[in-house]
Amino acid sequence: MDASENPTPEPAEPPEPVEAAQTAPETAAESEVSAEVSAEDGTETGDEAAVETGTETGPEPLNLDQLADQAERPDEAARDQMRNRLAALAVPAAGLGRLEELAIWLAGARGSGEARPIERARVVVFAGDHGVAALGVSATAPDQAQAVTAARVKQIEDGGGAVGVLARLHGATVRVVDVSVGSPSGRVDKEDAATREEIEHAFRLGMAVADAEADSGADVLIPALVGVGASTVASVLAGVLTGKDAAAVTGRGSGVDDTAWMRKCAAVRDAMRRGRPVLGDQLELLAKVGGRDFAALTGFLLQAVIRRVPVLLDGVTTTSCAMLVQRIAYRSPQWLLAGALSPEPAHGSALDRLSLVPLVEGYEVRQSEGALGLLALPMLKAAAALAAELATFDEAGIPEPVLRSRV
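None of the values given here were measured: they were computed from a predicted structure. Numbers given for residues are sequential positions, taken from 1 along each chain in its written order. For this predicted model, a pLDDT threshold of at least 70 governs which residues receive local features, and a threshold of 80 or more governs which side-chain atom pairs are given and counted, while totals over whole chains, interfaces and linings are taken from all residues. With hydrogens and water excluded, all non-hydrogen atoms of the structure serve as input to the side-chain values.

### Here's the deal with the side chain of Glu200
So, point 1. A run of H or I in DSSP counts as a helix once it spans at least four residues, and a run of E counts as a strand once it spans at least two, with each numbered from the N terminus. Mapping Glu200 onto the fold places it in helix H7 (residues 196-215).
So, point 2. Burial classes follow relative accessibility: with a 1.4 Å probe on protein chains only, a residue under 20% of its type's maximum area counts as buried, one over 50% as exposed, and anything between as partly exposed. Among the residues examined, Glu200 registers a relative accessible area of 9% and is labelled buried.

Here it is in structure tokens:
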């Protein structure tokens, strides 16, 4: 299953909203990276997307330290320029509240203090199946897990689901990247999710997708993940990375009852025991208790930071991967914003670890798959538009109040 788009943004044109039952052909750049991970051996069936120089027997092992060195700080000069513009706007001092913080953050991430609207918001959904779903940790029956994941993927590709509705509403576009649909990861409570080689292939795939999106001109990326059992895996990663107990990071996911929640807790507990010994090796942790889709999402996040593209995080799955990226490149949270807060306890714990405050709170939206990021997109778009279009006192011909507070 190729990565699908609804629609594909062309470099010279503004993006069109996602429309149901509408797909567009891949661009040449995107066809190179819309590779699938083979169900048999986990190798990419498309371009290898090798980030580092390969050897005669295959690509060299990923060097995360070298990648981390490429992650820089946002542009402080651009931030200062934006601060000066905001201070001169014909509004009460700090009258835009946290929207000013968002405008300053966006300027630093873009590397330009010149205010301009967000025109190319892009949702990228990574899809995969999880062996842990066989334990009955989801509201989906274990024998239907793979069929449900495939159906969800098809729905999103056709412009449906919450992500499709919100993408159309907010003028974003959606892309689905099939990493391991129909090829479940191992049951992480008792076996490895994938081999190290499979994880590195998937990590490179995610990096290549981020490169393609950056090259196409996306000015904000919203990564997400779809797959039955994904919240269980995310809880495992969050528990290992935050040091919390299984019960403290395990939520209701798709809305399970008490009995299923207890099974889920037990699975998370057992998987955390397997993951803790390899905490210092992010790729090995993904191999033990993550999976290929989580590896692809992690690679995507890291490369988005390296390419200096602003990122708006979705739910607990995306945020658990963001914690992994933080351990690889400590500056990475400076490039991230948190979308809407879900009721999953692991989500809040992960955001605390990243020192991120969600843009939308209090709505208890459990649906993720891109929806939690899109719910917060209007706040970021509002900040960018207000900074770009509001007049300063001089431009409006309004005398600046002489007793105006600068606080």
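### Let's talk about the nonpolar core
So, point 1. The definition of a nonpolar core used throughout is a set of buried Ala, Val, Leu, Ile, Met, Phe, Trp, Tyr and Cys residues joined through side-chain atoms within 4.5 Å. Ranked by internal contacts, the top residues of the largest apolar core, which has 75 residues, are Phe126, Phe203 and Phe294.
So, point 2. At 10 residues, the largest contribution of residues to this core is made by helix H12 (residues 292-306).
So, point 3. Excluding its chain neighbours within four sequence positions, the residues that come into contact with Phe126 are Val177, Val179, Gly206, Val209, Ala224, Leu225, Val226, Asp293, Ala296, Leu297 and Phe300.
So, point 4. Counting 45 residues, the second largest nonpolar core, distinct from the first, contains Leu86, Val174, Leu359 and Ala383. Contact between two residues is taken to exist if any of their heavy atoms lie within 4.5 Å; hydrogens are not considered.

### Observations regarding helix H14 (residues 345-354)
So, point 1. Residues of H14 that are buried include every one of Ala346, His347, Ser349, Ala350, Leu351 and Leu354, and no others.
So, point 2. One or two residues past the end of H14 sits Ser355, with phi positive at roughly 60°.

### Description of the pattern of salt bridges
So, point 1. Any carboxyl oxygen of Asp or Glu that lies within 4 Å of a side-chain nitrogen of Lys or Arg is treated as forming a salt bridge with it. In total, this model carries 22 salt bridges according to the counting rule given.
So, point 2. Two residues, Arg187 and Asp189, come together in a salt bridge whose shortest N-O distance is 2.7 Å.
So, point 3. Judged by relative accessible area, Arg187 falls into the partly exposed class, the value being 22%.
So, point 4. Salt bridges sharing common partners tie together Arg196, Glu200, Arg204, Asp281 and Glu284.

### Details of the pairing of strand E5 (residues 173-180)
So, point 1. Along E5, eight of the eight residues are buried, which leaves the element largely enclosed by surrounding structure.
So, point 2. Following DSSP output, two strands are said to pair if at least two bridges run between them. Where strand E4 (residues 121-128) and E5 come together, seven bridges link them in parallel fashion. The residue of E5 that forms the bridge with Gly128 is Ser180.

### Remarks on the packing of helix H8 (residues 230-242) against helix H10 (residues 258-275)
So, point 1. Under this scheme, a helix contributes an axis fitted over its contacting stretch, all axes are lines through C-alpha atoms, and angles between N-to-C directions fall in the 0 to 180 degree range. In contact at an axis separation of 9 Å, H8 and H10 are set at 50° when each is read in the N-to-C sense. What the angle tells us is that H8 and H10 run oblique. The handedness of the crossing between H8 and H10 comes out as right-handed. Contacts between H8 and H10 involve Ser231, Thr232, Ser235, Val236, Gly239 and Val240 from the first element and Lys264, Val268, Ala271, Met272 and Gly275 from the second. Here the angle decides the label: under 35 degrees means roughly parallel, over 145 means roughly antiparallel, 65 to 115 means roughly perpendicular, and every other value means oblique. Here is the rule for handedness: rotate from the far helix to the near one, and if that takes an anticlockwise turn smaller than a right angle the crossing is left-handed, while a clockwise turn gives right-handed.

### What to know about the packing of H10 against helix H11 (residues 282-289)
So, point 1. Taken N-terminus to C-terminus, the directions of H10 and H11 make an angle of 145°; their axes are 9 Å apart at the nearest point. Regarding H10 and H11, the two cross each other, and that crossing is right-handed. Touching Ala271, Arg274 and Gly275 of H10 are Leu285, Lys288 and Val289, all from H11.
So, point 2. A class-by-class count of the residues in the contact of H10 with H11 yields three nonpolar, one polar and two charged. Note that Gly is not counted as nonpolar here; it falls among the polar residues with everything else outside the nonpolar set of Ala, Val, Leu, Ile, Met, Phe, Trp, Tyr, Cys and Pro and the charged set of Asp, Glu, Lys and Arg.

### What about the packing of aromatic side chains?
So, point 1. For Phe, Tyr and Trp, rings pair up if their centres lie within 6.5 Å, where Trp contributes its six-membered ring, and each pair is then called stacked (planes under 30 degrees apart), edge-to-face (over 60) or tilted (otherwise). Summed over the entire model, instances satisfying the criterion amount to one aromatic pair.
So, point 2. Judged by centre distance (5.4 Å) and plane angle (70°), the rings of Phe126 and Phe300 are edge-to-face. Linking Phe126 in strand E4 with Phe300 in helix H12, this pair joins segments that are 174 residues apart in sequence.

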